[in-house]
Amino acid sequence: MINKKVNTVQEALQGIENGMTLMLGGFGLCGIPENSIAELVQKETKNLTCISNNAGVDDFGLGLLLQKKQIKKMISSYVGENAEFERQMLSGELEVDLIPQGTLAERCRAAQAGIPAFFTPAGYGTEVAEGKEVREFNGKMHIMEHAFKADFAIVKAWKGDTAGNLIFKGTARNFNPCMCGAAKITVAEVEELVEAGTLDPNQIHIPGIFVQRIFQGKKYEKRIEQRTVRVRNN
Amino acid sequence: MALDKIGIAKRIAKELKDRYFVNLGIGIPTLVANYIPKGIDVEFQSENGVLGMGPFPFEGEEDADIINAGKQTITTLPGASFFDSATSFGMIRGQHVDLTILGAMEVSEKGDIANWKIPGKMVKGMGGAMDLVASAENIIVAMMHVNKAGESKILKKCTLPLTGVGCVKKVVTELAVLEITPKGFKLLERAPGVTVEQIIASTEADLIIEGEIPEMTID
């Protein structure tokens, strides 16, 4: 067994430097690597390019890095929940590349799987297609998209073991599995870290080969963005 | 009388067919799940990675790890599954999802849709909408007929940046049900008490009107 366990978030994020490109898992605030984001704020790493579906909210998630102006460029699909983001984007302080969500996921997966580029119909005929190769397959138009290149992928899982195997919970899975192994180094933070051999190999979502460093997060706030409930009929 | 949002959702619910997998967008489309016709089985997909989505949880039973694409807390039904984003969009691009219902800012008579950006004013991003409209075989738009300024959202040509081209099949508004045909918008139904003249007056695009236009039936 190749041991991937590191004891602290500081150790896990060693090597992240100014100007690097990071992939960060999560959908909204669901399944985000909370402990690693907090540490990036502490480290004051600057000029980051962040690939993440959303940009958090003003005071949580990637919003914390935006507030400190640590992000130079965001690559996302939807950023509607963050006022500071909108302000920095409209004022030109922040570079933003908005791309279709399925394309974002597939560009991660392609990087993970060693596929340099692929064709998708998403965005054909829109400004997303500008400057991209267009090709017709089976009577339908597609545009060429490239795999991402990133220095670190930082993901969050529910359970993991010391071999780096990961299991996700609910919709906190989202982009996290797609980003594992899609960067030079993948860091996984988990709610529960167990010894290798404890998890059932049949239930592993992401094999440890895609993960270089794993640690157990100190605490998880798991903030809910839209708390929607239904009334009990007694 | 023009329909309210619930009325639009109820009318769209009639488009659901037995054994359909359906993706619902944020806003009015989400309400459609509350009005599934009796006797049919459908499953709702949310692109953040769940199939077999159920109603909102009871108070106190919310789980931060179980949300829909609108970031709302949800529940799952028997037979549900969770998956990653690449698999989710595989379902969508691979046309395993039968029907997509989404909102829009503008729809054109060619079936083009704009719903993600107002240059210089609002840039929220396209989320999964571009993948959905480029891939789904059946796309229904749920929206108000005119915008807040009173201008028609049913146009000859979209003025806002496009989300997709030639993809919308049907539009349901508070006034009418419109089908997009190779010749443009065809008026299929009118809201209860709304006249054809009112619909024409609220529509910038030309309408194909053949014979008597029936009133929608909404339970």
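Everything discussed here concerns the structure shown above.
Here we summarise the structure given alongside this text. None of the values given here were measured: they were computed from a predicted structure. Sequence order as written defines the numbering, with residues in each chain counted from 1. All chains are assigned letters beginning with A, and all ligands numbers beginning with 1, in the order in which they are written. Reporting in this predicted model follows two pLDDT cut-offs: at least 70 for local features of residues, and 80 or more for side-chain atom pairs to be given and counted; totals over whole chains, interfaces and linings ignore these cut-offs and use all residues. Just so you know, side-chain values use all the structure's heavy atoms and leave hydrogens and water out.

1. Examining the overall build of chain B
For clarity, the cut-off: Per the convention used, a helix needs a DSSP run of H or I reaching at least four residues, while a strand needs a run of E reaching at least two, with both numbered from the N terminus. Within these notes, the globule rule equals 2.2 Å times the number of residues to the 0.38 power, and the radius of gyration is based on C-alpha atoms. Relative accessibility thresholds used throughout: buried, under 20% of the residue-type maximum; exposed, over 50%; partly exposed, between the two (1.4 Å probe, protein chains only). Accessible surface area values rest on a Shrake-Rupley calculation with a 1.4 Å probe, where residue burial reflects the displayed protein chains alone. In this tally, Lys and Arg are treated as positive and Asp and Glu as negative; His is ignored, and so are the chain termini. By convention, the point assigned to a charge is CZ for Arg, NZ for Lys, CD for Glu and CG for Asp.
Check the secondary structure of chain B and you find five helices and 15 strands. Relative to the globule expectation of 17 Å for 219 residues, the C-alpha radius of gyration of chain B, 17 Å, shows essentially globular dimensions. Taking the principal axes of its C-alpha atoms as reference, chain B extends roughly 50 × 40 × 30 Å. Here chain B holds 219 residues, and the buried ones make up 57% of them. Accessible surface for chain B amounts to roughly 9,400 Å². Of this, 53% is attributable to carbon and sulfur atoms. Separation between the mean location of the 22 positive side-chain charges and that of the 29 negative ones in chain B comes to 5 Å.

2. A word on the pairing of strand E3 (residues 71-76) of chain A
Residue and element names in this part refer to chain A. Note the threshold: Pairing between strands is defined by DSSP: at least two bridges between them are needed. Classification remark: right-handed applies to a crossover when, strands pointing away from the viewer, the course from the first strand over the helix to the second runs clockwise.
Across four bridges, strand E2 (residues 48-51) lies against E3 in parallel orientation. Across the sheet, the residue bridging to Leu 48 is Ile 71, located in E3. Crossover connection from E3 via helix H4 (residues 83-90) to parallel strand E4 (residues 95-98): handedness right-handed.

3. Quick notes on the packing of helix H5 (residues 101-113) of chain A against helix H3 (residues 85-93) of chain B
Where we set the bar: Every axis corresponds to a line fitted to the C-alpha atoms, with the helix fit spanning only the stretch in contact, and the corresponding angles, defined between N-to-C directions, vary from 0 to 180 degrees. Throughout, the term roughly parallel applies to angles under 35 degrees, roughly antiparallel to angles over 145, roughly perpendicular to angles from 65 to 115, and oblique to all others. For any helix crossing, the convention is left-handed if the near helix is rotated counterclockwise from the far helix by under a right angle, and right-handed if that rotation is clockwise. A contact between two residues is defined here by any heavy atoms of the two lying within 4.5 Å. Side-chain classes follow a simple rule in which Ala, Val, Leu, Ile, Met, Phe, Trp, Tyr, Cys and Pro form the nonpolar group, Asp, Glu, Lys and Arg form the charged group, and the remainder, Gly included, forms the polar group.
Axis separation between H5 of chain A and H3 of chain B bottoms out at 9 Å; the angle between their running directions is 125°. Taken as axis vectors, H5 of chain A and H3 of chain B run oblique relative to one another. Note on packing geometry: the crossing formed by H5 of chain A with H3 of chain B is left-handed. Residues Gln 101, Gly 102, Thr 103, Ala 105, Glu 106 and Arg 109 of chain A of H5 of chain A form the contact with H3 of chain B, whose participating residues are Ser 85, Ala 86, Phe 89 and Arg 93 of chain B. Here the contact of H5 of chain A with H3 of chain B is built from residues that sort into three nonpolar, four polar and three charged.

4. Examining the pattern of salt bridges
So the rule is basically this: One side-chain nitrogen of Lys or Arg within 4 Å of one carboxyl oxygen of Asp or Glu is enough to make a salt bridge.
Summed over all chains, the structure comprises 22 salt bridges over all chains. Between Arg 109 of chain A and Glu 106 of chain A there is a salt bridge, with the nearest N and O atoms lying 3.1 Å from each other. Linking Arg 109 of chain A with Glu 106 of chain A, this pair stays in helix H5, spanning three residues, or about one helical turn. Residue classification places Arg 109 of chain A among the partly exposed residues on the basis of a relative accessible area of 32%. For Glu 106 of chain A, a relative accessible area of 13% gives the class buried. If you follow the salt bridges from partner to partner, you end up with Lys 156, Lys 169, Glu 191 and Lys 222 of chain A together with Asp 63 and Asp 65 of chain B in one network.

5. Description of the sheet that holds strand E2 (residues 42-46) of chain B
Taken together, 10 strands build an open sheet; the order of strands is E4-E3-E2-E1-E5-E10-E12-E13-E14-E15 (chain B) and the sheet is mixed. Among the strands making up the open sheet, the edge pair consists of strand E4 (76-82) and strand E15 (207-208) of chain B.

6. Some thoughts on a nonpolar patch on the surface
Our working rule: Each patch is built from residues lacking any salt bridge and having more than 30% relative accessible area; the joining distance is 9 Å for like charges and 5 Å for nonpolar side chains (Val, Leu, Ile, Met, Phe, Trp, Tyr).
Taken together, Tyr 124 and Val 134 of chain A together with Val 165 of chain B make up a surface patch of nonpolar side chains, about 200 Å² in accessible area. Looking at where Val 134 of chain A falls in the secondary structure, it is placed in strand E6 (residues 134-137). Accessibility expressed as a relative area gives 38% for Val 134 of chain A, which makes it partly exposed.

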